[in-house]
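# Fold and geometry: a report
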Amino acid sequence: MRALLVGAGAVGQVYGRHLQAAGWDVAFYVKPKYLGDARRGFVRYPARGGRPERFEEYGLITAPEEVAAERWDQVWLCVSSPALAGGWLPPLLAAAPGATVVMLQPGLRDRRRLLELVPEERLVSGMIGIVAWQAPLPGELLDPPGIRCWFPPLSPSRFSGPPAAVDAVVGALRRGGCPARRDADATRTSALGSAVLLCFVAGLEVAGWDPAAFRRGDAPEAAAAAAREALAVAGLYHGASPGLLPLLARGWAFRLALRAATAAAPFDLPLYLSYHFGKVGDQTREALRAWEEEGRSRGLEISALRRLAGALPDRR
Ligand SMILES: NC(=O)c1ccc[n+]([C@@H]2O[C@H](COP(=O)([O-])OP(=O)(O)OC[C@H]3O[C@@H](n4cnc5c(N)ncnc54)[C@H](OP(=O)(O)O)[C@@H]3O)[C@@H](O)[C@H]2O)c1
């Protein structure tokens, strides 16, 4: 079996390594600027300490014509939501006719966007259950640099879509040592989770990525109010009940969650959050914008979402 992973960042490298461990032929579709680094081979570390493990013997591709020259069983989109925009994706997907496309993006409208390019019977939706990042993070010493990865307990990656295609994805990841399971609707599960997580993260960014400043001020209340609005929008958009999540999206719960998760994670969680969500800050802003627009068009309350988005630092 052959998988093409689009994007050889933290997520692409982790899933690619596990697919290879399951016996798959793996290749990465990378921007030309990353070709040199990718040719030298990747290095993987556990979440803390650990010995470097090399990841090599994968293919590297930079153009749709090279994609079209080979046959692919799966194409994994391991890029952020905003990266799906632009003209590059349609020719790439057209060059892999017949391949299952595995999407991992958390944006409200991402699946709809992809369904314009891929028939439903070839589209698998995924919810990432790993925490991975480029190491060393600032202030850390690590040689050679690589990717650190943590599998949070009870949090397998979840996939939904055509049953045979989902079985192939889940089966390969499990054989390769990556926790994974089928989900009734990973898009919906991911949309509700992202409504809480991304508002929480936006609140942390507003507090300058400083956990103490976040807990001291009213950022948790502001973020939780936005999360409740985002949950209402995401629930309506996906025809899903957000269940108990609106009750849990409260300032006190956000303070507690930050404290508990920081204590439980076997690495510096606040540093990871500032690094990762600093990197994908455009994605957070795009998510807030999408909830705001969809909420407005459905006559829902969006004032807290608007305030949170307005409080985020300008990235330009
Ligand atoms: N890392 C995690 O623990 C984690 C956990 C849950 C969810 N996620 C989500 O997974 C997605 C990817 O995260 P990540 O941490 O892997 O990000 P990342 O390390 O930045 O990797 C993404 C890679 O894809 C590349 N890329 C973007 N557009 C491309 C294109 N057209 N062709 C080829 N490569 C392209 C990026 O290049 P540039 O650097 O030039 O942009 C980057 O190298 C994000 O949506 C993130 O929120 C990540």
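As a reminder, the structure under discussion sits directly above these lines.
Residues numbered from 1 in each chain as written. Predicted model: local features only at pLDDT ≥ 70, side-chain atom pairs only at ≥ 80, totals over all residues. Heavy atoms only, no water.

Grouped together as the largest cluster of nonpolar side chains are 51 residues, with contacts concentrated most on Cys199 and Trp291. Counting residues per element, the ones that place at least two in this core are strand E3 (42-46), strand E9 (131-135), helix H7 (186-206), helix H9 (219-238), helix H11 (251-264), helix H12 (269-279), helix H13 (281-297) and helix H14 (303-311). With 11 residues, the single largest contributor to this core is H9. Summarising the domain contributions, this core has at least three residues from each of domain 1 (2-184) and domain 2 (188-311). Setting aside residues up to four positions removed in sequence, Trp291 forms contacts with Leu108, Ser194, Ala195, Leu198, Cys199, Ala230, Val233, Ala234, Ile302 and Leu305. Residues Val26, Phe28, Val102 and Val169 belong to the second largest nonpolar core, which totals 35 residues. (Core = buried A, V, L, I, M, F, W, Y, C linked by side-chain atoms within 4.5 Å. Buried < 20%, exposed > 50% of the residue type's maximum accessible area, 1.4 Å probe, protein only. Helix = DSSP H or I, 4+ residues; strand = E, 2+ residues; numbered from the N terminus. Domains from an automatic or database assignment. Contact = heavy atoms within 4.5 Å.)

Once that is clear, we can look at the site of the ligand. What surrounds the ligand is a group of 22 residues, the closest being Lys31, Tyr34, Ala132, Gln134 and Gln283. At 2.5 Å from an oxygen atom of the ligand is found a side-chain nitrogen or oxygen belonging to Tyr34. Between the ligand and Gln134, the relevant distance is 2.9 Å, taken from an oxygen atom to a side-chain nitrogen or oxygen of the residue. Computed on the free molecule, the ligand has an accessible area of 890 Å², of which 83% lies beneath the protein chains in the complex. Put simply, the parts of the chain that give the shell around the ligand at least two residues each are helix H1 (10-21), E9 and H12. Considering only residue class, the shell around the ligand consists of 13 nonpolar, 6 polar and 3 charged. (Near = heavy atom within 4 Å. Polar contact = N/O pair within 3.5 Å; in protein donor to acceptor, adjacent residues only side chain to side chain. Areas by Shrake-Rupley, 256 points an atom, 1.4 Å probe, with all protein chains shown as cover. Nonpolar A, V, L, I, M, F, W, Y, C, P; charged D, E, K, R; others polar.)

One open sheet accounts for 8 strands, arranged E5-E2-E1-E6-E7-E8-E11-E12; its pairing is mixed. The strands lining the two open edges of the sheet, one partner per strand, are strand E5 (59-61) and strand E12 (180-182). Between one strand and the next, the sheet's axes are offset by a mean angle of 25°, whatever the strand orientation. Of the pairings in the sheet, the one linking strand E1 (residues 2-6) to strand E6 (residues 74-77) comprises 4 bridges and is parallel in character. Across the sheet, Ala3 pairs through a bridge with Gln74, a residue of E6. Running over the sheet, helix H6 (residues 163-175) touches E6, strand E7 (100-103), strand E8 (123-127), strand E11 (157-160) and E12 and is turned about 160° from E12. (Pairing = 2+ DSSP bridges. Axes fitted to C-alpha atoms, helices over the stretch in contact; angles between N-to-C directions.)

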